[in-house]
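Results of the structural survey
Here are the chains, one letter per residue:
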Amino acid sequence: MIRIGSVEIPGWLAMSPMAGISDSPTRTMARRYGSAFSYTEFVSTDSLAVGSKKALSLLRFREEERPITFQIFGNKLEIIVDAAKRIRELNPDIIDLNMGCPARNVSMRGSGVGLLRKPIYAGKIIEEMRKALDVPVTAKIRLGWDDTSRNYMEVSRILEESGVMAISVHGRTREMGYSGKADWDAIADIKSERKVPIFGNGDVSSYEEAVRRKEESKVDGVLIGRNSIGNPWIFSDIKKEDLSFEEIVSTTINHLQLMRETFGDKYGLILLRKHLVRYIQSRKEVEPMRMELLKMEDPEKLIQILREAQNSLSIAS
């Protein structure tokens, strides 16, 4: 059991926050299959501070997603603190400051990984958030801006001294984006020096690899991002390749129904597509109709075709 302030995390493996991916239905699926807690997509504090409905909609969640962490990003201390106080009213369990997003339109404005270039200022933000909030404050970082400024030890120290209650670390620099290999030795170095819980993130492609990374680096927990898309089983040591087509179809339909409940039939189906392509990846049962499925505009028709493929397989066997 990991404790972040007053919050108990019922496990050590969880889904990493991903812009455009980790919406409420996807977080719910991950929790149902073993993810220990939930991170929202990151939300701009500039938008939250002015009460943007679109920004606030990203923070909607189901109770079964708890413990729920609201992740925010920004670069102005007063606005970040004001936004954090506003969203506290939505009753999250934890509020996390994103200091790891490498996207140019975020980092070049001093937000996300851009804050790593101002570690003392980042520490001040954490300190003021702690003063203003009665829920735990955490942060997600990268190793640095580039290979010439890998300041992760300094940053993690300052954040800890400023009162951060946990740190998740993506084992790449901003310059690397998502290329190259995540440096788990660096993550292990952070864990060896810090007292707060440390979560490692980067290139974890299976439950077995998550176990190995945890044991080797001694981190408290592991986050899985892109490799969990279309594969919520990764959080519960179930190999997707060992599943029957019936199980794949059932899980896909459950995910679709959550999308429809949250976003409506049309938009819910559109949002499911990035997951659907991964759910049915390498499944010979639907290979002839793969492109048709991915272009489908009627959710009931999609369900019908998936079930027909499943039934024809049952009859054949």
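Residues numbered from 1 in each chain as written. Predicted model: local features only at pLDDT ≥ 70, side-chain atom pairs only at ≥ 80, totals over all residues. Heavy atoms only, no water.

An unreviewed UniProt entry lists the chain under the name tRNA-dihydrouridine synthase, with Leptospira hartskeerlii as the source organism. Comment text from UniProt for the chain, heading Function (unreviewed entry), reads "Catalyzes the synthesis of 5,6-dihydrouridine (D), a modified base found in the D-loop of most tRNAs, via the reduction of the C5-C6 double bond in target uridines." Word for word, the UniProt comment on the chain under Sequence similarities (unreviewed entry) is "Belongs to the dus family." (UniProt positions renumbered as here; feature names shortened; annotations may be inferred.)

Let's shift gears to the UniProt feature "binding site: FMN" (unreviewed entry) in the chain. According to UniProt, the positions carrying the feature "binding site: FMN" (unreviewed entry) are Pro17, Met18, Ala19, Gln71, Lys140, His170, Gly225 and Arg226. As for the largest pocket, its lining draws on Pro17, Met18, Ala19, Gln71, Lys140, His170, Gly225 and Arg226 from among the annotated residues. Here lysine 140 shows up in strand β8 (residues 137–141). The buried category is assigned to lysine 140, whose relative accessible area is 8%. Classification of arginine 226 as partly exposed rests on a relative accessible area of 41%. Those residues in contact with arginine 226, other than ones at most four positions away along the chain, are Met18, Arg172, Tyr178, Asp203 and Arg278. (1 Å grid on protein atoms, 1.4 Å probe; cavity = no way out; pocket = protein on both sides within 12 Å on 5 of 7 lines; lining within 4 Å. Helix = DSSP H or I, 4+ residues; strand = E, 2+ residues; numbered from the N terminus. Buried < 20%, exposed > 50% of the residue type's maximum accessible area, 1.4 Å probe, protein only. Contact = heavy atoms within 4.5 Å.)

What follows deals with the nonpolar core. Of all hydrophobic cores here, the largest spans 56 residues; its most connected members are Ile72, Ile95, Leu97, Met99, Met129, Ile141 and Leu159. Of the residues forming this core, the biggest block, six residues, is contributed by helix α4 (residues 77–88). Filtering out sequence-adjacent residues up to four positions away, methionine 129 remains in contact with Ile72, Ile80, Val81, Ala84, Ile95, Leu97 and Val137. In terms of nonpolar packing, the next biggest core, distinct from the first, is built from 25 residues, Leu269, Leu272, Tyr279 and Met296 among them. (Core = buried A, V, L, I, M, F, W, Y, C linked by side-chain atoms within 4.5 Å.)

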